[in-house]
Amino acid sequence: MRRALIIANEAYADPQFASLPGAVADADSLREVLRHPGIGAFDDVRVLRNHTVHHVGRAVATFFHHAKPDDLLLLHISAHGLKDAAGDLFFAAADSEHDSHLIRATALSAADIRHEMADSAAKQIVVLLDCCYSGAFARDERARGVHDADLTGPFRSRGHVVITSCAGTELSFERDGQGVFTRAVVDGLRTGRADRNGDGVIDTDELYHHVADRVREVNSRQRPTLSVHRKEGVIRVAWAGRVPPPPPPGDGSLDRLRRRFAAPISRRGALPRRLIAPVLAVWALLCAVAGHAGPVGAADAGCFQPPEVRVATSAAGLQPYREVADAFERWSARQHRGCPLARIYLYPAAADDVRAGIGARWDSSGEPGHRYLRDVGPHPDLWLPESAGDVARLGGSGAGVLGRVDEIAASPVVLGVPQAQVPAGGAVDAARRMGRTWRELFGVAVGATAGPAIAGGNGVVRADPAVSAPARLGTYALYGGERGPLPASTARQDVERWVEQALDGGSYPIGDDLALLCRQRTRATAAPAATAGVGTPAVVLTEQALVRYNQGRPLGAGCPARQAPPAAERLQAFYPSDSPLLFLTVARLHWPEAVQSPAVRAGAANFVRWLVDEEAGQQALLLAGLRPPGVTATAPLDRANGALFDWPFARVRPLHELAAADQDRVREVYRRAHRPGRVLVALDASGSMRDPSEDRRRSRFEVAVDGVGRSLQRVGGRDEFGLRTFSTVAANARSIVPLGPPGAAAGGLRAAVQRIRPAGDTPLHQAIRQGAAQLRGGGGDPLRGLVVVTDGQDTTGRPPPTLAELSGVRLYVLAVGDAACAGSPLDRLAQRTGGDCYDARADRLDATLDRLFTALWKGAD
């Protein structure tokens, strides 16, 4: 059953609360779309207007208590949000009192609502909060049962999703008599605009992204937030008008048939006598098969509960494969009377995490710190890795889980050169068509050698080979290819120092391909028209990534919008003669039936068959920028998008990807050729860091210290590390570990900070300035990174540092607790330095720091 409780409070007895006339409009408009049979199709929608805190609290408890496992519950609150002296969130009812010492006694506690959610039997809960400070709601949500309870039983889509109108420290606004947030929710549902992938269903992720975009258009000071807890699969909020709503849960086949035949009779009166006998015969036949569960007899039910296939893929593959999966769902629906064979749920997962999870059978009990269901995702039914080598690395650990592996496509690794630097002429065209080796093209692109193919010599950027398969394959060729890898010293002199200069000069991030291309797009779109493409470096990337970049496709969370670069900045593909290929495969994974039902396994097999054997599947891969085997390339792999469709130009190419052992050798040379890292951690020691972390056992400060200590295992012999704390309390603002070789810092870190008791305010901007100045000291040319861990904003009133004050330093901000990156000045500043800002739960700080230090430190000797 689909049930909703809408709480709207317009009038308040306490005159200190302003009236909220928009709350009633919010309730009425939301109730309308939720009850609409073609949109929300909710079975029960209850609205509470201007009730006392006792009445509201009782209604909330009853709403969550009287729920069944297969119910979908939606709670919406439109009221004043307020915090008590301890910073806990409450919602005002009609009889609430504004005085801080009475808030806890007279208002509805967010903690109590979270408690009811955690104890509810319902597996799908959606909460929409249109209140000030509502972003603080998701803090401290507790889990029911053991941490690794498998939620993939008979109810495939489940979890708690909270969408709030603003961040935990922001206000929520009304406009034209209605809440800005709720108006965006209703608009997205009523018009279907929130259905971003066009599959006829609006899920929680789509609704959030639609609402966030609409709210920011109206008021940039209000930033909706999304919190997801123990979610698996897709939680469907509404239908977008292209697909009729499902039959009510528990409604029998006979009742559906009765309504189907009763509707035309009630509209048109009695049937003509000559039609009664045929209709009765059809009625009898349908009643006889009403309980049949096959694809024809249960078409209605099958349309709305097809098996959900869970697919793990790389971050770079998420958007392209989402397009392919949407094409499969549309195709299979056309082939089966409007009912898709499966719903494809894609989620990003690092290859190392997937391999480790397969080896552990997705069981975290024997691996402290690893929670596959929580930190990686659900048991994947299929794996679409970044490269074939990712699967090959499984070896024997995949026995019993890894099934058949099929090749579905390939993409050559190319050098993408901005159009403004590509002269016209036959010599250039010959160079693009495998007329030069990787090292020859690289030398011309960085300005080390002269050549007619590329004008400018503005350098070459590349993703981190430690995390990117395309970068690893390109680096293999640059290091000597089949002739064997270069010595580390030569690799540094001939390749790495040039790449590092280009990365630093353009403030490119040290990370994956999406982050690199997002920065390339940001630079390209900001460049003056007169100089567009002139100073832009070339890029090592796959043909697929180049084509999608030129098309203006989304590039992950950093560049979610479609935005094509200017013509002069569009990348033109040069295909080196010795370039290895990236092969794309799909791996079937087998789990016990309690986790993977026969229907899900069949749905996964149908998707794979479509990718491999069906022309429609191959065309979908081609439209995503890939080259399926045996398929003649056409658009978008054409000159209009910077590619040459007739690659490999009648030349023989290898039919397999670079062996895993060869890739490992590249990683090792790169590790030793990489410049050392000089990293300073600035740790917030203000009073709020004394608050309990999400695990409730340690403070935020203690969790941060432990996470930094464990991450020191990444440091190498040539790397440097330092730690300082900052606060307005003098005793808490000092150097803990001097910047230099780490020595015994890892083992004695906790002892070094045990005398610190977090207190005072947060001089965040001053700490960043001091840290940057400290990092610039010392000799050599290391990778300088300033890592700031904080749970708040600057409280001193000083302006943020300028980009000039951070010259030569990459800034990384880890926002924990109530701090948030989205839209903050430090987020923008960090990205302009080649760093980043991460929203990190304190209890997951270890994983965030580990990824960050993997990029900054290579463990080089």
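Each chain carries its own residue numbering, running from 1 in the written order of its sequence. Local features in a predicted model are, by the rule used here, given only for residues with pLDDT of at least 70; side-chain atom pairs are given and counted only at 80 or more, and totals for whole chains, interfaces and linings are based on all residues. Excluding hydrogens and water, the side-chain figures rest on all heavy atoms present in the structure.

### Quick word on the overall build of the protein chain
- The helix and strand tally for the protein chain stands at 27 helices and 27 strands.
- Only protein chains enter the accessibility calculation, which uses a 1.4 Å probe; a residue is then buried when its area is under 20% of its type maximum, exposed when over 50%, and partly exposed in between. Among the 861 residues that make up the protein chain, the fraction classed as buried is 55%.
- On the protein chain, roughly 34,900 Å² of surface is accessible, and the fraction owed to carbon and sulfur atoms is 54%. Strands here mean DSSP runs of E at least two residues long; helices mean DSSP runs of H or I at least four residues long; both are numbered from the N terminus. Each accessible area is a Shrake-Rupley result for a 1.4 Å probe, and residues are judged covered by the shown protein chains and nothing else.

### Re the state of the cysteines
- Here, two cysteine sulfur atoms that lie within 2.5 Å of each other are counted as a disulfide. The tally for this structure, following the rule as stated, stands at one disulfide.
- Residue pairing for cysteine 821: its cysteine sulfur links by disulfide to cysteine 837, the two sulfurs lying 2.0 Å apart. With the S-S dihedral at roughly -80°, the linkage between cysteine 821 and cysteine 837 falls on the left-handed side. With cysteine 821 in the loop between β26 (810-815) and α26 (825-832) and cysteine 837 in strand β27 (residues 836-839), this pair connects stretches of sequence that are 16 residues apart.

### Overview of the sheet that holds strand β6 (residues 108-109)
- Strands are treated as partners if at least two bridges between them are detected by DSSP. Strand order in this open sheet of three strands is β4-β5-β6, and the pairing throughout is antiparallel. The open sheet has two free edges, formed respectively by β4 (81-83) and β6, since each of these has just one partner strand.
- Of the strand pairs in this sheet, strand β5 (residues 89-91) and β6 are connected by two bridges, and their pairing is antiparallel. Looking at β6, one finds that phenylalanine 90 is bridged to serine 109.

### What about the packing of helix α17 (residues 488-505) against helix α22 (residues 660-673)?
- Following both chains from N to C, one finds α17 and α22 inclined at 80°, their axes separated by 8 Å at the closest point. Classed by the angle they form, the pair α17 and α22 counts as roughly perpendicular. Across the interface between the two elements, Ala488, Ala491, Arg492 and Glu496 from α17 touch Val669, Tyr670, Arg672 and Ala673 from α22.
- Note on residue classes: Ala, Val, Leu, Ile, Met, Phe, Trp, Tyr, Cys and Pro are nonpolar, Asp, Glu, Lys and Arg are charged, and everything else, Gly too, is polar. In terms of residue class, the contact of α17 with α22 is built from five nonpolar, no polar and three charged. Axes here mean lines fitted to C-alpha atoms, for a helix over just the part in contact, with angles spanning 0 to 180 degrees between N-to-C directions. Any angle between 65 and 115 degrees counts as roughly perpendicular, while under 35 counts as roughly parallel, over 145 as roughly antiparallel, and the rest as oblique. A contact between two residues is defined here by any heavy atoms of the two lying within 4.5 Å.

### With respect to the pairing of strand β3 (residues 72-78)
- Counting buried residues along β3, seven of its seven residues qualify, which places the element largely inside the surrounding structure.
- What you see with β3 is no split at all: Leu72, Leu74, His76 and Ser78 on one side and Leu73, Leu75 and Ile77 on the other are buried throughout.
- Here seven bridges tie strand β1 (residues 2-8) to β3, and the two strands are oriented parallel to one another. Bridge assignment links alanine 4 to a residue of β3, and that residue is leucine 74.
- Here β3 runs beside strand β7 (residues 124-130); their pairing, made up of seven bridges, is parallel. The residue of β7 that forms the bridge with histidine 76 is leucine 128.

### Describing the packing of helix α23 (residues 700-711) against helix α27 (residues 845-856)
- Where α23 meets α27, the axes come as close as 9 Å, and the angle between the chain directions of the two elements is 35°. α23 and α27 meet at a crossing whose hand is right-handed. From α23, Val703, Ala704, Asp706, Gly707, Val708, Arg710 and Ser711 reach across to α27, where they touch Leu845, Asp846, Leu849, Asp850 and Phe853.
- Of the residues belonging to the contact of α23 with α27, the class tally is six nonpolar, two polar and four charged. Left-handed describes a crossing whose near helix is turned anticlockwise from the far helix by less than a right angle; the clockwise case is right-handed.

### Things to note about the confidence of the model for the protein chain
- For the protein chain, per-residue confidence averages 82 on the pLDDT scale, and 84% of positions sit at 70 or higher.
- The low-confidence segment residues 138-157 (pLDDT under 50) makes 64 contacts with residues lying over four places distant or belonging to another chain. The pLDDT score gives, residue by residue, the confidence of the prediction method on a 0 to 100 scale.

### Some remarks on the sheet that holds strand β24 (residues 735-740)
- Strands sit in the order β24-β23-β22-β25-β26-β27 across an open sheet of six strands; the sheet is mixed. Edge positions in the open sheet fall to β24 and β27, since each of these has one partner strand only. Mean inter-strand twist for the sheet, computed between neighbouring axes without regard to direction, equals 20°.
- Bridge count between strand β22 (residues 677-684) and strand β25 (residues 783-790): seven bridges; the pairing is parallel. Each residue of the ladder has a partner; that of leucine 683, found in β25, is valine 789.
- Where α23 meets the sheet, it contacts β22, β23 (720-726) and β25, and its direction lies at approximately 170° from that of β22.

### Re the environment of aspartate 390
- Here aspartate 390 lies in helix α13 (residues 388-392).
- On the basis of relative accessible area, aspartate 390 is assigned to the buried category, the value being 4%.
- Here the alpha-carbon distance between aspartate 390 and threonine 585, two residues 195 residues apart in the chain, equals 9.6 Å.
- Those residues in contact with aspartate 390 that sit more than four places away from it in its chain are Ala351, Arg355, Trp383, Pro385 and Arg472.
- Within the structure, the side chain of aspartate 390 is placed 3.4 Å from the backbone nitrogen of glutamate 386, a separation counted as a polar contact. Pairs of N or O atoms are called polar contacts if they sit within 3.5 Å, as long as, within protein, a hydrogen donor faces a hydrogen acceptor (for residues adjacent in sequence, only side-chain-to-side-chain pairs).

### A few points about the pattern of salt bridges
- The salt bridge definition used is simple: a Lys or Arg side-chain nitrogen within 4 Å of an Asp or Glu carboxyl oxygen. Counted under the stated rule, the structure contains 34 salt bridges.
- A salt bridge links arginine 322 to aspartate 326, with the nearest nitrogen and oxygen atoms 2.8 Å apart. You can see arginine 322 and its partner aspartate 326 sitting in helix α10 (residues 315-335), four residues apart, about one turn around the helix.
- Taking the shortest distance from any N to any O, the salt bridge between aspartate 406 and arginine 588 comes out at 3.8 Å.

### Remarks on the environment of aspartate 406
- In this structure, aspartate 406 sits in strand β17 (residues 402-418).
- For aspartate 406 and leucine 611, which are 205 residues apart along the polypeptide, the C-alpha to C-alpha distance reads 9.4 Å.
- Aspartate 406 has contacts with Leu584, Thr585, Val586, Arg588, Val608 and Val612, leaving out every residue within four places of it along the chain.
- Within the structure, the side chain of aspartate 406 is placed 2.9 Å from the side chain of arginine 404, a separation counted as a polar contact.

### Let's talk about the packing of aromatic side chains
- Centres within 6.5 Å are what make two rings of Phe, Tyr or Trp a pair, Trp counting through its six-membered ring; a difference in plane orientation under 30 degrees is then read as stacked, over 60 as edge-to-face, and the rest as tilted. Per the stated rule, a full pass over the model turns up twelve aromatic pairs.
- Arranged with centres 5.6 Å apart and planes meeting at 85°, the rings of tyrosine 575 and phenylalanine 649 form a pair that is edge-to-face. With tyrosine 575 in the loop between β20 (571-574) and β21 (581-589) and phenylalanine 649 in the loop between α21 (615-623) and α22, this pair connects stretches of sequence that are 74 residues apart. The burial state of tyrosine 575 is the same as that of phenylalanine 649; both residues are buried.
- Aromatic side chains phenylalanine 853 and tryptophan 857 sit 4.6 Å apart centroid to centroid with 20° between the ring planes, which places their arrangement in the stacked category.

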